Amino acid sequence: MAFTLPDLPYAHDALAGLGMSKETLEYHHDLHHKAYVDNGNKLIAGTEWENKSLEEIVKGTYQSGAVAQNGIFNNASQHWNHNQFWEMMGPGEAKKMPGALEKAITDSFGSVQKFKEDFAAAGAGQFGSGWCWLVKDKDGGLKVTKTENGVNPLCFGQTALLGCDVWEHSYYIDFRNKRPAYLTNFLDKLVNWENVASRL
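Let me sum up the structure you'll find in this document. From a predicted model like this one, the values you see are computed outputs, not experimental measurements. (Residues numbered from 1 in each chain as written. Predicted model: local features only at pLDDT ≥ 70, side-chain atom pairs only at ≥ 80, totals over all residues. Heavy atoms only, no water.)

**Side note on the overall build of the protein**
Along the protein, the regular secondary structure elements total eight helices and three strands. Seen in sequence order, the protein has helices and strands lined up from the N terminus as α-α-α-α-α-β-β-β-α-α-α. Taking 200 residues into account, the globule formula puts the C-alpha radius of gyration at 16 Å, and the protein, at 16 Å, falls close to it. Dimensions along the principal axes, computed over C-alpha positions, put the protein at roughly 50 × 40 × 30 Å. Taken across its 200 residues, the protein has 48% of its residues classed as buried. For the protein, the share of sequence-separated contacts (at least 6 apart) that also reach a separation of at least 24 residues comes to 67%. Within the structure as shown, the protein displays about 9,300 Å² of accessible surface, and the carbon and sulfur contribution to it stands at 51%. Considering the protein, the positive charge centre built from 19 side chains and the negative charge centre built from 24 side chains are found 4 Å apart. (Helix = DSSP H or I, 4+ residues; strand = E, 2+ residues; numbered from the N terminus. Rg over C-alpha atoms; globule rule 2.2 N^0.38 Å. Buried < 20%, exposed > 50% of the residue type's maximum accessible area, 1.4 Å probe, protein only. Contact = heavy atoms within 4.5 Å. Areas by Shrake-Rupley, 256 points an atom, 1.4 Å probe, with all protein chains shown as cover. Lys, Arg positive; Asp, Glu negative; His and termini not counted. Charge placed at Lys NZ, Arg CZ, Asp CG, Glu CD.)

This is how it looks when you write it as structure tokens:
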């Protein structure tokens, strides 16, 4: 099935007051994400993956232990990652963390603050391009992970609860090279915790 670029779940300028500018979303969603969609469609045309779901393509084309992933995986996984990323953020100043999520995070990390520190450290410590994640592992516990390039929790049988894009195009317009500041702002102002809780 052909990939399609989803509309953003909010206006391009809806996050501007929270640290993600209209210009960033125009570049990141309208150009970068669209390129993954367009390139992915070209690469799967006429292959065994043409009529598979996005999740099936990501899991089926991931090569464990490979230094570099193949083109179909890279574009499909980045399409999946960005679909989640847009939904994991939202406008609105006072987005409170739902109680069930707060309890699960506290049980796993000791406190919400410790989780935020671990998550930000994973994102800041990811060398080069990639993502940091809060995942529900196969044993049901929560953990913070980081992945290179487009690799995501689907590859490891985990459920992605929260993901942050640490490719430079995600933050350079607004934060220049200050990735740690971008991550802190993401956690404190941009995350839609209701969406994260819905993934539990």
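**Description of the pattern of salt bridges**
Taken as a whole, this structure holds seven salt bridges when the rule is applied. A salt bridge links Asp107 to Lys103; the shortest N-O distance between them is 2.8 Å. Here Lys103 and Asp107 lie together in helix α4 (residues 99–109), a separation of four residues that amounts to about one turn. A salt bridge links Lys143 to Asp137; its shortest N-O distance comes to 3.3 Å. (Salt bridge = Lys/Arg side-chain N within 4 Å of Asp/Glu carboxyl O.)

**Side note on the sheet that holds strand β3 (residues 159–165)**
Reading across from one edge, β2-β1-β3 is the order of the three strands in this open sheet, with antiparallel pairing throughout. Strand pairing shows two members of the sheet lacking a second neighbour, β2 (142–148) and β3, which therefore form its edges. Strand-to-strand twist of the sheet, defined as the mean angle between neighbouring strand axes without regard to direction, takes the value 25°. Across seven bridges, strand β1 (residues 130–136) lies against β2 in antiparallel orientation. Looking across to β2, one finds that Trp133 is bridged to Thr145. Where helix α3 (residues 71–88) meets the sheet, its contacts fall on β1 and β3, and the angle it forms with β3 comes to roughly 90°. Sheet strands in contact with helix α7 (residues 179–190) are β1 and β3, and its direction is about 135° off that of β3. (Pairing = 2+ DSSP bridges. Axes fitted to C-alpha atoms, helices over the stretch in contact; angles between N-to-C directions.)

**Some remarks on the nonpolar core**
In terms of nonpolar packing, the biggest core is built from 57 residues, with Phe115, Phe119, Leu162 and Phe186 touching the most fellow members. In terms of residues, this core owes the most to one element, α3, which gives seven residues. Apart from the residues lying within four places of it in its own chain, the contact partners of Leu162 are Met88, Phe115, Phe119, Cys132, Trp133, Leu134, Phe186, Leu187, Val191, Trp193 and Val196. (Core = buried A, V, L, I, M, F, W, Y, C linked by side-chain atoms within 4.5 Å.)

**Re the pairing of β3**
Taken across its seven residues, β3 has six buried, putting it largely inside the fold. Taken together, the six bridges between β1 and β3 define a ladder with antiparallel strand orientation. Its bridge partner lying in β3, Trp133 is registered against Gly163.

**Remarks on the packing of aromatic side chains**
One pass over the full model with this rule turns up 13 aromatic pairs. Taking the centre distance of 5.7 Å and the plane angle of 75° together, the rings of Tyr62 and Phe156 count as edge-to-face. Here the residue Tyr62 occupies a position in the loop between α2 (54–61) and α3, and Phe156 occupies one in the loop between β2 and β3, the gap between them amounting to 94 residues. Classification of Tyr62 as buried rests on a relative accessible area of 18%. Grouped by ring-pair contacts, the aromatic residues Trp80, Phe85, Trp86, Phe109, Phe115, Phe119, Trp131, Trp133, Phe186 and Trp193 constitute a single cluster. (Phe/Tyr/Trp six-rings, centres within 6.5 Å; stacked < 30°, edge-to-face > 60°.)

**Points about the packing of helix α5 (residues 112–125) against α7**
Where α5 contacts α7, the axes come no closer than 9 Å and their chain directions differ by 140°. The element α5 and its partner α7 pack so that their crossing is right-handed. Residue-level contacts link Phe115, Lys116, Phe119, Ala120, Gly123 and Ala124 of α5 to Arg179, Pro180, Leu183, Phe186, Leu187 and Asp188 of α7. Residue composition of the contact of α5 with α7, grouped by class: eight nonpolar, one polar and three charged. (Left-handed = near helix turned anticlockwise from the far one by under 90°. Nonpolar A, V, L, I, M, F, W, Y, C, P; charged D, E, K, R; others polar.)

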